[in-house]
Amino acid sequence: MSPTLTFHGHSAFILSDGEITIAIDPFFSGNPAATISAEEVSCTHIALTHGHEDHFGDTLEIAKKNDATVVAAYEIINYLAEHDHHIGEPGNPGGRIQLSDDAWIAFTHAFHSSSYQGRYMGMPCGLVIHLGGKTVYHCGDTDLFSDLELIGELYKPDVALIPIGDRYTMGPKLASKAADLIGAPVVVPIHYNTWPPIEVDVKEFAPSNAEVKVLQSGDSIRFD
Ligand code: NI
Ligand code: MN
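Our subject in this report is the structure included herewith. (Residues numbered from 1 in each chain as written. Chains lettered and ligands numbered in written order. Predicted model: local features only at pLDDT ≥ 70, side-chain atom pairs only at ≥ 80, totals over all residues. Heavy atoms only, no water.)

### Regarding the pattern of salt bridges
Note the threshold: The term salt bridge refers to a side-chain nitrogen of Lys or Arg lying within 4 Å of a carboxyl oxygen of Asp or Glu. Helix and strand labels come from DSSP, where a helix needs a run of H or I of at least four residues and a strand needs a run of E of at least two; each type is numbered from the N terminus. Residue burial is assigned from relative accessible area. The probe radius is 1.4 Å, only protein chains are included, and a residue is buried under 20% of its type maximum, exposed over 50%, and partly exposed in between.
This structure, assessed with the given rule, holds two salt bridges. Here E82 and R119 are joined by a salt bridge, their closest N and O atoms 2.9 Å apart. You can see E82 sitting in helix α3 (residues 74-82) and its partner R119 sitting in strand β10 (residues 119-120), a full 37 residues away along the chain. Judged by relative accessible area, E82 falls into the exposed class, the value being 53%. For R119, a relative accessible area of 28% corresponds to the partly exposed category.

The following block contains the structure:
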């Protein structure tokens, strides 16, 4: 079944094909843009770009409640094991993890940092997720880098989720260039306007070729 991608504000999404449901960067508690609570999340997997609080979010609670497999950097999986969640698939940039015969998650580079409560949480990553015959590239928190073009060439994502909020990631101008390099036909701006320090004008996100889909929290993209 072709998947549905639902935005939950900031950098959080739920991607589901009806069998596999992946909560990506499941930050609900304390997320001013979230329209559902962590208790309402039902998933088989959790995928994390990095360990910062606005991405790690409610991972521990949701993972335990759902017996969900967490796909994340090696150091994050170790952290979870120390906190009594033992179902994890650790990885690092370049690696790909198979979830089923035709579903997988690959880790890419992201230029950022990754820590949680003062602890090093491994490399920050982007995630390429292939599910239900479609490919979604969640860039994570990152600067612009020229290998985005290579990632686009290798994985040919149907949609790219690109941070545009400035300060901690690319702002809209650099993010527009990132979209051009990735070359996905559809791009979704993320990681902006959640709080005043990352307020930007989304209209400044204007890639040359891609269709920009501005999602409100709770909105979905249904792939055909
Ligand atoms: Ni971050
Ligand atoms: Mn962030």
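### With respect to the packing of helix α4 (residues 148-155) against helix α5 (residues 172-182)
Which entries qualify depends on this criterion: Structural elements are reduced to axes, namely lines fitted to C-alpha atoms, with helices fitted over the stretch in contact, and the angle between N-to-C directions of any two is expressed from 0 to 180 degrees. Helix crossings are classified by the rotation of the near helix relative to the far one: an anticlockwise turn of less than a right angle makes the crossing left-handed, while a clockwise turn makes it right-handed. Whether two residues are in contact is decided by their heavy atoms: any pair within 4.5 Å suffices. Ten residues, namely Ala, Val, Leu, Ile, Met, Phe, Trp, Tyr, Cys and Pro, are considered nonpolar, four, namely Asp, Glu, Lys and Arg, are considered charged, and the remaining ones, Gly among them, are considered polar.
Contact geometry of α4 with α5 gives a least axis separation of 7 Å together with a crossing angle of 35 degrees. Along this stretch, α4 crosses α5, giving a crossing that reads as right-handed. The segment α4 lies against α5, with L148, E149 and G152 engaging A178, L181 and I182. Across the contact of α4 with α5, the residue classes tally to four nonpolar, one polar and one charged.

### A word on the nonpolar core
In plain terms, the rule: Note on terminology: a nonpolar core comprises buried Ala, Val, Leu, Ile, Met, Phe, Trp, Tyr and Cys residues joined through side-chain atoms within 4.5 Å.
Counting 27 residues, the largest nonpolar core has L5, F13, I22 and V159 as its most contacted members. Elements represented by at least two residues in this core include exactly β1 (4-7), β2 (13-16), β3 (21-24), β7 (96-100), β8 (103-109), β11 (125-131), β13 (159-163) and β14 (186-190). Counting residues per element, this core draws most heavily on β11, which supplies four residues. Look past the residues within four positions of L5 in its chain and what remains in contact with it is F13, I14, L15, V136, V159, L161, D219, S220, I221 and F223.

### Notes on α4
Worth spelling out the cut-off: In this context, the arc is that of the directions from the helix axis out to the C-beta atoms.
Along α4, the positions that sit buried rather than exposed are L148, I151 and G152. Buried positions in α4, seen along its axis, are confined to an arc of 100 degrees and lie on one side of it. Within α4, the exposed residues directed more than 90 degrees away from the buried face are E153 and L154. Looking at the buried residues of α4, the elements they touch are β8, β11, β12 (134-138) and α5. Positive phi appears at K156, one or two residues downstream of α4, with a value of about 45 degrees.

### As for the coordination of the manganese ion (ligand 2)
The criterion, for reference: Donor atoms: N, O and S within 2.8 Å of the metal, or within 3.2 Å for Na, K and Ca. Because water is excluded, sites can look incomplete.
The protein atoms donating to the manganese ion (ligand 2) are D54 (OD), H55 (NE2), D141 (OD) and H191 (NE2), with metal-donor distances spanning 2.1 to 2.3 Å. Spacing between the donor residues of the manganese ion (ligand 2) along the chain follows D-H-x85-D-x49-H. Separating the manganese ion (ligand 2) from the nickel ion (ligand 1) is a distance of 3.1 Å, and D141 supplies a donor atom to each of them. Highlighted residues: D54 in helix α1 (residues 53-56) and D141 in the loop between β12 and α4, separated in sequence by 87 residues. D54 sits in the buried class, given a relative accessible area of 16%.

### So, the pairing of β3
We apply this condition: A pair of strands is considered paired only if DSSP assigns at least 2 bridges between the two.
Of the two faces of β3, both are covered, the one formed by T21 and A23 as well as the one formed by I22 and I24. Count of turn residues in the β2/β3 antiparallel hairpin: four residues, of which G18 carries a positive phi of about 95 degrees.

### Concerning the environment of E53
As for its position among the elements, E53 is in helix α1. For E53, a relative accessible area of 57% corresponds to the exposed category. In the structure, E53 is positioned 28 residues away from D25 in sequence and 9.4 Å away in space, judged by C-alpha atoms. Residues within four places of E53 in sequence aside, it is in contact with F27 and Y116.

### A few points about the sheet that holds β1
Spatially, the seven strands line up as an open sheet ordered β6-β5-β4-β3-β2-β1-β16, and their pairing is mixed. At either end of the open sheet lies a strand with only one pairing partner, and these are β6 (88-91) and β16 (220-222). The average angle at which neighbouring strand axes cross in this sheet is 15 degrees, direction not considered. Looking at chain direction, strand β4 (residues 45-47) and strand β5 (residues 69-73) are connected through three bridges and run parallel. Paired with I46 across the strands is V70, a residue of β5. Here α3 sits on the sheet in contact with β5 and β6, set at roughly 135 degrees to β5.

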